[in-house]
Amino acid sequence: MQHLDTTDLRILSAMCARPKASAVALATELSLSRNTVQARLVRLESNGALLPVEQRVNPAALGFGLVSFVHIHVQQRLLGQIVEQLKAIPEIIEAHGVTGSADILARVVASGAEELFRVNGQILAIEGVERADTSLSMAELIPHRTTSLMDLRLAAGNGTGSRSTGSAAEVAG
């Protein structure tokens, strides 16, 4: 993924502050040309620095207010097949391969405990899944954020147009 420069960071920061602002409004606010902002936005989207709009939708608004984290222990030789089957479970909204005692950490949402029980059963029914340890989220203490990372990069002296030393993944999420 391409590194983000100061102009990219300024545009992203302004978008976070005013998510509904048009490219023209952002250009005016940042003293940039509309074409520069528009071209940068297209590039940021195509290189993966901007995450899909789908990730802005709160699962609780869809009736899935119970959040849990499931540590899934698997037979490594079946990892690819297991991941494909996990993708078929809509309530698994995110999954990562991790180090430690578990192999996969999945964020699972449900409408209640009974639904979570059903989803855990689906996970455990997948061939190659040996165990699943579930932790309920009691409260979101620090919501997903990236503006603090952008502020950190901008404050580190990346305000002269030079390339940031941080990766786009660090900045985008």
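The structure contained in this document is the topic of the report that follows.

Conventions adopted
Residues numbered from 1 in each chain as written. Predicted model: local features only at pLDDT ≥ 70, side-chain atom pairs only at ≥ 80, totals over all residues. Heavy atoms only, no water. Axes fitted to C-alpha atoms, helices over the stretch in contact; angles between N-to-C directions. Helix = DSSP H or I, 4+ residues; strand = E, 2+ residues; numbered from the N terminus. Left-handed = near helix turned anticlockwise from the far one by under 90°. Contact = heavy atoms within 4.5 Å. Nonpolar A, V, L, I, M, F, W, Y, C, P; charged D, E, K, R; others polar. Buried < 20%, exposed > 50% of the residue type's maximum accessible area, 1.4 Å probe, protein only. Pairing = 2+ DSSP bridges. Parallel < 35°, antiparallel > 145°, perpendicular 65-115°, else oblique.

### Overview of the packing of helix H2 (residues 23–30) against helix H3 (residues 34–46)
- Axis separation between H2 and H3 bottoms out at 8 Å; the angle between their running directions is 115°. The crossing of H2 and H3 is right-handed. Along the contact surface, H2 presents Ala23, Val24, Leu26 and Ala27, while H3 presents Arg34, Val37, Gln38 and Leu41.
- Taken together, the residues of the contact of H2 with H3 sort by class into six nonpolar, one polar and one charged.

### Brief notes about the pairing of strand E3 (residues 104–110)
- Across the seven residues of E3, five count as buried, placing the element largely inside the fold.
- Relative to E3, strand E1 (residues 66–74) is paired through seven bridges, and the arrangement is antiparallel. By the bridge assignment, His71 is partnered in E3 with Leu105.
- Pairing of strand E2 (residues 92–97) with E3, which is carried by five bridges, proceeds in the antiparallel orientation. If you follow Ile92 over to E3, its bridge partner there is Val108.

### Regarding the packing of helix H1 (residues 6–17) against H3
- Closest axis-to-axis distance for the H1/H3 pair is 11 Å, and the angle between their directions is 90°. On the basis of their axis angle, the class for H1 and H3 is roughly perpendicular. Residues Thr7, Asp8, Ile11, Leu12 and Met15 of H1 lie in contact with H3, whose contacting residues are Val37, Arg40, Leu41, Arg43 and Leu44.
- Across the contact of H1 with H3, the residue classes break down as six nonpolar, one polar and three charged.

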